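Understanding the architecture of this molecule
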Amino acid sequence: MSRLDIRTIEKSFGDVRVLKGVDLTVESGEFFTLLGPSGCGKTTLLRIIAGFQRQDAGEIVVDGDRIDARPAHKRDIGMVFQDYAVFPHLTVAENIAFGLRARRMGDADVRARVDEGLRMVRLEGLGQRLPSELSGGQQQRVGLARAMAIRPKLLLMDEPLSNLDAKLRVDLREDIRDIQKRLGITTIYVTHDQEEALAISDRICVMDRGVVEQVGTPFEVYRAPRRRFAAAFVGTMNFVAADSDGGRVRIGPLTLPVAAPARDGFQLAIRPENVVVGAPTDGDARGAIRLEGAVRKITFLGREAHYTLSTPVGEIVAQVADPTRELLDVEGRTIAIALPYDKVVLFTAEGDATPFGAAT
């Protein structure tokens with residue numbers, strides 16, 4: 001297991017700055033995910049770690065040893081690619097053995113490691129098949145086994161599930177996480193899929209336009225976003241424009257009994273699942289923002305329902321788990337909703353989170 005330190009990495013392509021002083025630490029044995037939209041710099045950063053691209057400034061350090069001056073094949077890194085990248089002329093077993101042969105491992109040890117790899121990725125009995133005789137999911141398992149067989153210091157994975165169908169993605173991501181935990185290999189995983197990142201990561205780095213927006217556990221990134229971009233990108237979030245009114249927060253026609261930031265142009269945010277639908281109108285007004293909303297649309301998904309409501313402060317989306325029959329019959333009607341203060345996050349005009357109700 002190895003620790004990775006990424007120190008002030010800069011990278012530009014022509015006049016476009018793709019990475020803007022990225023600083024990150026990936027702890028030994030950690031499953032660390034780079035998450036963000038296309039063009040945010042996550043794949044470029046991964047390729048710099050792997051040695052496929054050269055940074056303009058900064059350092060890549062593994063266990064205190066700077067590796068960025070070494071060629072890719074001397075960095076002791078395993079790589080799993082988006083497009084499988086298995087050798088079509090080699091059998092499954094020969095693909096898995098490829099890196100072991102390059103390291104001049106003895107035949108008996110190679111066979112043992114290949115057999116172990118086949119078991120890990122659930123391809124027992126398929127060692128003599130060619131990649132053309134396998135499904136896409138099986139080919140990606142071969143790529144995973146080959147990368148892990150060499151027991152690298154770091155395992156890098158670049159959107160390895162993006163070419164698979166939905167069910168295979170879920171099955172294989174669970175396998176990847178289980179194998180990684182079993183072997184304890186420090187892993188850096190790139191994806192734009194929020195659910196994937198939340199499901200498999202020890203920590204997530206949310207990136208946007210070459211900048212690190214937030215690093216934290218899946219719980220922290222989802223439940224306690226520190227930047228507006230992270231809140232908007234990971235999951236669904238309602239944003240409500242707000243201003244100061246005599247030291248209090250004003251949203252639409254409402255003035256709330258909580259302290260406002262010193263400057264205008266901030267936003268309140270709340271997750272759809274935290275919006276209380278059908279809330280009593282005579283409840284404790286100090287504990288929640290109470291509104292009425294016209295139900296424009298209800299989408300029933302079995303175990304939950306999504307509500308789109310027009311309110312005096314703008315459109316609000318709510319999510320209700322296991323909705324009652326009565327709550328599914330309110331489309332086109334006006335109902336009461338509540339936004340509990342303890343579930344609301346406030347974002348400044350600069351995009352930073354600040355405690356709701358705290359003076360700034």
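Preceding block: the structure.
Summarised in this report is the structure supplied together with it. (Residues numbered from 1 in each chain as written. Predicted model: local features only at pLDDT ≥ 70, side-chain atom pairs only at ≥ 80, totals over all residues. Heavy atoms only, no water.)

**As for the state of the cysteines**
One covalent bond between the sulfur atoms of two cysteine residues makes up a disulfide. As enumerated under the stated definition, the model contains 0 disulfides in all. Not part of a disulfide, Cys205 finds its nearest cysteine sulfur in Cys40, a span of 8.4 Å. (Disulfide = S-S within 2.5 Å.)

**A few points about the nonpolar core**
By size, the foremost hydrophobic cluster in this structure holds 34 residues, and its most contacted members are Ile96, Val114, Val142, Leu144, Leu155, Met157 and Ile176. Among the elements of the structure, α2 (92-102), α3 (107-120), α4 (136-149), β7 (154-158) and α5 (166-183) are those that each provide at least two residues to this core. It is α4 that contributes the most residues to this core, 6 residues altogether. Counting 32 residues, the second-largest nonpolar core is a separate cluster that includes Ala260, Val277, Tyr341 and Leu346. (Core = buried A, V, L, I, M, F, W, Y, C linked by side-chain atoms within 4.5 Å. Buried < 20%, exposed > 50% of the residue type's maximum accessible area, 1.4 Å probe, protein only. Helix = DSSP H or I, 4+ residues; strand = E, 2+ residues; numbered from the N terminus.)

**Describing the sheet that holds strand β19 (residues 334-340)**
The strand order across the open sheet formed by 5 strands is β15-β19-β16-β17-β18, and the pairing between neighbours is antiparallel. One side of each edge strand has no neighbouring strand; the edge strands of this open sheet are β15 (276-277) and β18 (314-321). The pairing of strand β16 (residues 288-300) with strand β17 (residues 304-311) spans 6 bridges and is antiparallel. Considered in β17, the bridge of Lys297 is made with Thr308. (Pairing = 2+ DSSP bridges.)

**A closer look at the packing of α2 against α4**
Think of two packed helices as two axes; the pair is described by the angle between the axes and how far apart they sit. Orientation of α2 relative to α4, taken along the N-to-C sense of each, is 25°, at an axis distance of 7 Å. Between α2 and α4, the interaxial angle falls into the category roughly parallel. In the packing of α2 onto α4, the handedness of the crossing is right-handed. In contact with Val92, Asn95, Ile96, Phe98 and Leu100 of α2, α4 contributes Val142, Ala145, Arg146 and Ala149. Broken down by class, the residue content of the contact of α2 with α4 amounts to 7 nonpolar, 1 polar and 1 charged. (Axes fitted to C-alpha atoms, helices over the stretch in contact; angles between N-to-C directions. Parallel < 35°, antiparallel > 145°, perpendicular 65-115°, else oblique. Left-handed = near helix turned anticlockwise from the far one by under 90°. Contact = heavy atoms within 4.5 Å. Nonpolar A, V, L, I, M, F, W, Y, C, P; charged D, E, K, R; others polar.)

**A look at α2**
Among all positions of α2, only Val92, Ala93, Asn95, Ile96, Ala97, Gly99 and Leu100 are buried. Against the buried residues of α2 lie α3 and α4. One or two steps after α2, the chain reaches Arg104, where phi turns positive at roughly 60°.

**A short note on the packing of α4 against α5**
At a closest axis distance of 11 Å, the pairing of α4 and α5 adopts a crossing angle of 15°. Here α4 is positioned roughly parallel relative to α5, judged by the angle of their axes. In this structure, α4 meets α5 at a crossing whose hand is right-handed. Listed contacts from α5 to Gly137, Gln140, Arg141, Leu144 and Met148 of α4 are Leu168, Leu172, Asp175, Ile176, Ile179, Gln180 and Leu183. Per-class residue counts for the contact of α4 with α5 are 7 nonpolar, 3 polar and 2 charged.

**Topic: the pattern of salt bridges**
For the structure on display, the rule yields 26 salt bridges. With a closest N to O distance of 3.2 Å, Glu59 and Arg66 form a salt bridge. The exposure class assigned to Glu59 is partly exposed, which follows from its relative accessible area of 26%. One salt bridge in this structure joins Asp175 and Arg122, with 2.5 Å as the shortest N-O distance. Taken together, the positions of Asp175 in helix α5 and Arg122 in the loop between α3 and α4 put the pair 53 residues apart, joining distant regions of the chain. For Asp175, a relative accessible area of 13% gives the class buried. Via salt bridges that share partners, Arg7, Arg54, Glu59, Arg66 and Asp68 belong to a single interconnected network. (Salt bridge = Lys/Arg side-chain N within 4 Å of Asp/Glu carboxyl O.)

Keep in mind these values describe shape, not function.
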